[in-house]
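Close look at the chain arrangement
For reference, the chains in residue letters:
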Amino acid sequence: MSLRPNSSNPARVAGADSADPAGTAPRGTWGSRLGFVLAAAGSAVGLGAVWKFPYVVGQQGGGAFLAVYLGCVLTLGVALLLAEMTVGRLTGKSITTALRMLGGRRWAWIGRIATFNAFAILSFYVVVGGWTVAYLWRAVTGALLTDDTTRLVSDFSSFIGDPVASLVSMAVFLALTAAIVAAGVQKGIERAGKWLMPALFVLMLLVIARALTLPGAMAGVAWFLTPDFSPISGDTLLEALGLAFFSLSLGAGMIVAYGSYLPKDARLASSAVWVATLATLACCLAGLMILPAVFAFGVAPDAGPGLTFITMPAIFAQMPLGHAVAVAFFLLLLFAALTSAVSLFEPVTAFLIDEYQWRRGPAVTTVFAATFGLGVPSALSFGLWRDVRLFDRTIFDLMDYVTVNLMMPAGGLCVALFVGGCIWPKARTVLDAPRSRWFAPVWRVLLLALTPIAIFGVWYHGL
Ligand code: TRP
């Protein structure tokens, strides 16, 4: 397969390089490289940044965790983003089919497992997605606007403990996701990414401005930004690694699926750097938004999965036009969560289409039903099934731990070895642009040496 990264004409590469007039390619392509970067970043930026990152930082003790997380993203993260894009770009298929085409039958199993993992992640992701739906509704009715954090804490736990409310909101969120996937790649995913993500960033900046000027907020900023490596444990390292994978949407076939829709002349390396930058930026902004408020309002930093939902309303209550800001914020958070959920839904759907030649409609319906089924136990584990525990974790926590901290790094590791080893001569051709050629050896070292060492090292300490 020959690649022509069109580097002789930078003006053309930079922006609207709509290589494949949409419609001629049966699977569709992105309208432009910018469309791809924004869509991939739209997948990356979601509940991981705004919901998961702040509460995990809270549990793991602040600055040192941030430092380890950034270290993971900048090294493994970028290398693996690029590796997954390469697999998608070289084959134009989703991960299972792609690995089989490039590496033979045995590798297809890695793809199947990764796809299953995307599905498992989706099943608990939609639970939290449902929380954003419900909180959007509460923001609209104004029920949220209070800075009485004791009340916010008890409201939150009674909501997530109520089986009807949480299952209904989860179903709404999942139905929205399925509807976007059913509409197809370009129309559904790309359009949403182009407008909503920038809007979310702007709104986060506004909210940060208010959060930072709350009395006592600076203690939170200092706590977030000053690394103190003494409390770092194996568990912290494992959480940081898992979160790096989660926040970049790695290790589950998602970037492969998006990469398969890339036009032939897209520049991959810089796309990978962009996606990683935007995702990390979103995490840092979310941290700067939530953690100062945690300190200002005297919430316990290790309050867990509810942290964002407890502190955000308190900030809004203290903002001019707080009601409107609250509605806008939860609306944008919902969209960010939807673009991410879509990216978990899409590879599973693409798997059924590519592997079994299903039509899109039945594939979407099946994934919808199966995800709902698997999501129910996770949703109930905050209420009725609170006491069902395995290895000292609730069902939700266990799903999260196994998929994010174990399966995603494992998937990433396999792709790294595959791209850096088995298909290296082909893989390096995607870097043909002269400006990124120096990067090939660095990339290979990251894939073949640093990734395995880091992942095994972290597993060894964390388990
Ligand atoms: N990165 C997304 C977030 O932070 C979650 C996500 C979307 C994801 N697609 C993924 C995680 C694929 C792992 C794999 O919200």
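Structural data are supplied above this passage.
All of the points below concern the structure found in this document.

1. Re the site of the ligand
Around the ligand sit 18 residues, and of these Ala44, Gly48, Tyr125, Phe246 and Ser343 come closest. When each cavity is represented as a set of grid points, the ligand is found to reside in the largest cavity. Listing elements by their share of the shell around the ligand, those giving two or more residues are helix 2 (33–44), helix 3 (47–60), helix 6 (105–141), helix 11 (234–248) and helix 15 (322–356). When the residues that make up the shell around the ligand are grouped by side-chain class, the tally is eleven nonpolar, seven polar and no charged.

2. Here's the deal with the side chain of Thr451
By the secondary structure assignment, Thr451 is in helix 19 (residues 439–462). Not counting the four nearest positions on each side in its chain, Thr451 is found in contact with Leu76, Leu80, Leu413, Ala416 and Leu446.

3. What about the side chain of Thr149?
Its location among the elements puts Thr149 in helix 7 (residues 149–161). Using a relative accessible area of 14% as the deciding quantity, one classes Thr149 as buried. Those residues within four positions of Thr149 in sequence are excluded, and the remaining contacts are Phe297, Val299, Ile310 and Ala314.

4. With respect to the layout of surface pockets
Empty space within the largest pocket amounts to approximately 600 Å³. In terms of lining, the largest pocket is formed by 29 residues, of which the most central are Tyr55, Gln59, Gly304, Pro305 and Asp397. Of all the secondary structure elements, the ones that give two or more residues to the lining of the largest pocket are helix 3, helix 7, helix 11 and helix 17 (395–422). Per element, the largest residue contribution to the lining of the largest pocket is five residues, and it comes from helix 3.

5. Focus: the pattern of salt bridges
One pass over the full model with this rule turns up five salt bridges. Glu355 is paired through a salt bridge with Arg100; the nearest N and O atoms lie 2.8 Å apart. Of the two residues, Glu355 sits in helix 15 while Arg100 sits in helix 5 (residues 95–103), which places them 255 residues apart along the sequence. Arg151 serves as the salt-bridge partner of Asp155, at 3.8 Å between the closest nitrogen and oxygen. Here Arg151 and Asp155 lie together in helix 7, a separation of four residues that amounts to about one turn. Among the charged side chains, a network of salt bridges with common partners joins Arg100, Arg112 and Glu355.

6. Structural notes on the environment of Gly35
Inspection of the secondary structure assignment puts Gly35 in helix 2. Separated by 227 residues in the primary sequence, Gly35 and Leu262 have C-alpha atoms spaced 9.6 Å apart.

7. Let's talk about unusual backbone geometry
The backbone phi angle of Ser249 is positive, close to 60°, even though this residue is not glycine. Secondary-structure assignment places Ser249 in the loop between helix 11 and helix 12 (254–259).

8. As for empty space enclosed by the protein
Enumeration according to the criterion identifies three cavities of 30 Å³ or more in this entry. Reported here for the largest cavity is a volume of approximately 130 Å³. Together, 16 residues line the largest cavity, and Ser43, Ile121, Phe246, Ser249 and Leu344 are the ones closest to its centre. At the level of elements, helix 2, helix 6, helix 11 and helix 15 are the ones that each hand at least two residues to the lining of the largest cavity. Tallied by class, residues from the lining of the largest cavity come to ten nonpolar, six polar and no charged.

9. Some thoughts on helix 11
Its 15 residues place the ends of helix 11 21 Å apart at the C-alpha level, agreeing with the 21 Å of an ideal helix rising 1.5 Å per residue. Judged by how many residues are buried, helix 11 sits mostly within the fold: 13 of 15 residues are covered. Ser249 sits one or two positions beyond helix 11 and adopts a positive phi of about 60°.

10. A look at the state of the cysteines
Inspection of every chain in the model, using the stated rule, returns zero disulfides. Of the cysteine sulfurs around Cys284, a residue in no disulfide, the closest is that of Cys283, at 6.7 Å.

What counts and what doesn't
Residues numbered from 1 in each chain as written. Predicted model: local features only at pLDDT ≥ 70, side-chain atom pairs only at ≥ 80, totals over all residues. Heavy atoms only, no water. Near = heavy atom within 4 Å. 1 Å grid on protein atoms, 1.4 Å probe; cavity = no way out; pocket = protein on both sides within 12 Å on 5 of 7 lines; lining within 4 Å. Sits in = over half its atoms within 2 Å of the grid points. Helix = DSSP H or I, 4+ residues; strand = E, 2+ residues; numbered from the N terminus. Nonpolar A, V, L, I, M, F, W, Y, C, P; charged D, E, K, R; others polar. Contact = heavy atoms within 4.5 Å. Buried < 20%, exposed > 50% of the residue type's maximum accessible area, 1.4 Å probe, protein only. Points joined across faces, edges and corners; volume = space filled by probe spheres on them. Salt bridge = Lys/Arg side-chain N within 4 Å of Asp/Glu carboxyl O. Expected span 1.5 Å × (residues − 1). Disulfide = S-S within 2.5 Å.

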